[in-house]
Amino acid sequence: MPKWLDWIYISNESKKETGMVLTPYKKEDSVELARIRNTDGVRKTYLNRRTTPDKLHDNHTRDMESKVDPWTFYTVRLDGKIIGEVGIHVLHKTRECRIPYYLDPDVHGKGYGTMLIGKVIEMCRTIKNIDKISAYVIKENIASQRVLLKNGFKLKKVITYPTYQYMYEYKL
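Residues numbered from 1 in each chain as written. Predicted model: local features only at pLDDT ≥ 70, side-chain atom pairs only at ≥ 80, totals over all residues. Heavy atoms only, no water.

### Re the pairing of strand S9 (residues 165–171)
The side chains of a regular strand alternate, first on one face of the sheet and then on the other. Of all seven residues making up S9, six are buried, and the element is well covered by its neighbours. Pairing of strand S7 (residues 132–138) with S9 involves seven bridges; the strand directions are antiparallel. For Ser134, the partnering residue across the bridge sits in S9 and is Glu169. Here strand S8 (residues 154–159) pairs with S9 via five bridges, running antiparallel. (Buried < 20%, exposed > 50% of the residue type's maximum accessible area, 1.4 Å probe, protein only. Helix = DSSP H or I, 4+ residues; strand = E, 2+ residues; numbered from the N terminus. Pairing = 2+ DSSP bridges.)

In structure tokens, the structure reads:
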């Protein structure tokens, strides 16, 4: 395990910690997360649609309360400041975790995405009966494709509908 994974940790606290911290998503995070998701640098390479804090929170609540394959969302903080989000969607039928994520363009290119995905892999290893992690990336998001490749993901397939995207997979 790379030493820098020790630098990222999970906490129930939202402020005061230094380094990269993953905190369970809370409604009060939705304002900053919606702002980040609506920036051109994220919107064009994530879902390419705008959101509001209320819509983001309603979608998260619905997904987290799902009776079948619920989601877990984490707010990513750097030195107490919200810089992004990662979700873990456990799909028991296909024995996989799906991991959507995004980071504020202000921190792009600094290695935080690579560190974040390394930590998510570590987290998914602890989930019973899961043998792979998958991530979907649109064609234009070259940086995210590099993050996944650096962490040992392999290109599994190309999907052309409804958007042109790549599916990467990591075998646990």
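Next comes the rest of the description.
### A word on the confidence of the model for the protein
When the pLDDT values of the protein are averaged, the result is 88; 88% of them are 70 or greater. Confidence drops under a pLDDT of 50 for residues 1–6, and excluding neighbours within four residues, the segment shows ten contacts in the predicted structure. (pLDDT = per-residue confidence, 0-100. Contact = heavy atoms within 4.5 Å.)

### Observations concerning helix H3 (residues 53–64)
The periodicity of an α-helix, 3.6 residues per turn, causes residues three or four positions apart to be oriented the same way. Helix length check: H3, at twelve residues, gives a terminal C-alpha distance of 16 Å against a target of 16 Å (1.5 Å per residue), a fit within 8%. Residues Leu56, His57, His60 and Asp63 constitute the buried set of H3. Along H3, the residues classed as buried sweep out an arc of 130° about the axis, all on the same side. Exposed positions of H3 whose direction lies more than 90 degrees from the buried face are Asp54, Asp58 and Arg62. (Expected span 1.5 Å × (residues − 1). Arc of directions from axis to C-beta.)

### Some thoughts on the pattern of salt bridges
Oppositely charged side chains may form a pair once their charged atoms are brought near each other. Considering all chains together, one arrives at eleven salt bridges under this definition. In this structure, Asp104 and Arg35 form a salt bridge, with 2.7 Å as the shortest nitrogen-oxygen distance. Note that Asp104 is positioned in the loop between strand S6 (101–103) and helix H4 (112–124) and Arg35 in helix H1 (residues 30–37), a separation of 69 residues in sequence. You can call Arg35 partly exposed: its relative accessible area is 37%. Residue Glu169 is joined to Lys171 by a salt bridge in which the shortest nitrogen-to-oxygen separation is 3.3 Å. (Salt bridge = Lys/Arg side-chain N within 4 Å of Asp/Glu carboxyl O.)

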